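# Chains, contacts and geometry: an overview
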Amino acid sequence: YVSSTTDGLRYWDSSFSSNTLVLVSTGLGFDKLVSHKGRLWAAGKVGDERTIYISEYLDGTDFTLRTDPVDTDPAQITVQGSLDETLAAFFSSFNDLLVWYKPNSFGGVYGSKRSTFLSRSFSETVGTSYPDSIKNCDGELRWLGPQRTYYGFNGSVLRKLNEDIDTLSEGISQGDFRQRSWFQTTES
């Protein structure tokens, strides 16, 4: 699957006869897509940037909400937090969660069926605007957050990683051309 906010949602048909991009809908233009638990999860639709769109189970082309839904049907979740912040990133899958990020908050979506989907906010002050910085490091999710600060989250505890290296970190994260040096005189 590929998507853009201008061209809509498409999927790659790699059958022997076709081998082309197939348009699903121009109205489903997203700037974030991930697969998680047999569904396609999307966000970034123009005018609705705080909503997570969840496809039908095992069908990434169907996002149509039903009036009498079953657990395999599509769903939508509006992410809590500041109204003026849009979703910046997804991370799938961490501790069986789909983790969502805004610039100054983050949380996760629990559940594997439509009736059990539940979004929970983990922090209303720490998030990221740098989707490429999010990494799973041996069971701890790490990323570059606000004010050039690195954070780690193990599923229950959020911790600041660069407490003792803030000065060095400023130069690294900003790509400063200054050089920093020090002398190590003892092992401790």
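The structure reproduced in this document is the subject of the present report.

Each value, and the rule that gives it
- Residues numbered from 1 in each chain as written.
- Predicted model: local features only at pLDDT ≥ 70, side-chain atom pairs only at ≥ 80, totals over all residues.
- Heavy atoms only, no water.
- Helix = DSSP H or I, 4+ residues; strand = E, 2+ residues; numbered from the N terminus.
- Patch = residues over 30% accessible without salt bridge, like charges linked within 9 Å, V, L, I, M, F, W, Y side chains within 5 Å.
- Areas by Shrake-Rupley, 256 points an atom, 1.4 Å probe, with all protein chains shown as cover.
- Salt bridge = Lys/Arg side-chain N within 4 Å of Asp/Glu carboxyl O.
- Buried < 20%, exposed > 50% of the residue type's maximum accessible area, 1.4 Å probe, protein only.
- Pairing = 2+ DSSP bridges.
- Axes fitted to C-alpha atoms, helices over the stretch in contact; angles between N-to-C directions.
- Phe/Tyr/Trp six-rings, centres within 6.5 Å; stacked < 30°, edge-to-face > 60°.

This paragraph deals with the environment of P146. Structurally, the position occupied by P146 is in the loop between β13 (140-144) and β14 (150-153). As for P146 and Y130, which are separated by 16 residues in sequence, their C-alpha atoms are 9.5 Å apart.

A grouping of V2, W12 and L21 is seen on the molecular surface, where their side chains present a nonpolar patch of about 300 Å² in accessible area. Checked against the element boundaries, W12 lands in strand β2 (residues 8-13). The exposure class assigned to W12 is exposed, which follows from its relative accessible area of 52%.

Right, let's get into the sheet that holds strand β15 (residues 158-160). Strands sit in the order β12-β13-β14-β15 across an open sheet of four strands; the sheet is antiparallel. Each of the sheet's edge strands pairs with one partner strand only, and the pair in question is β12 (135-137) and β15. This sheet shows a mean twist of 30 degrees between the axes of neighbouring strands, independent of strand direction. As paired strands, β14 and β15 are joined by three bridges and run antiparallel to one another. Within the sheet, the bridge partner assigned to G152 lies in β15 and is R159.

Next up on the list: unusual backbone geometry. Note: most peptide bonds trans; most residues except glycine with negative phi. In this model, S92 is joined to S93 through a cis peptide bond whose omega is 0 degrees. For S93, the position within the fold is in strand β8 (residues 89-94). Phi at N95 is positive, roughly 50 degrees, even though this residue is not glycine. Turning to its location among the elements, N95 is positioned in the loop between β8 and β9 (97-102). Classification of N95 as partly exposed rests on a relative accessible area of 49%.

The next point concerns the pairing of strand β4 (residues 32-36). Judged by which residues are buried, β4 turns out to be one-sided: K32, V34 and H36 face inward and are buried, whereas L33 and S35, on the alternate face, are not. Relative to strand β5 (residues 39-43), β4 runs antiparallel, the two being bridged by five bridges. Within the sheet, the bridge partner assigned to V34 lies in β5 and is W41. Between the antiparallel neighbours β4 and β5 lie two residues, among them K37 with a positive phi of about 55 degrees.

Here we come to the packing of aromatic side chains. For the structure on display, the rule yields 11 aromatic pairs. Ring plane angle 55 degrees and centroid distance 6.2 Å describe the contact between Y1 and Y11, whose orientation is recorded as tilted. One end of the pair, Y1, is in the segment before β1 (2-4); the other, Y11, is in strand β2, and 10 residues separate them in sequence. Residue Y1 is classed as partly exposed on the basis of its relative accessible area, which comes to 45%. Among the residues examined, Y11 registers a relative accessible area of 28% and is labelled partly exposed. Within the aromatic cluster, the residues linked to one another by ring pairs are Y101, F106, F122, W143, Y151 and F153.

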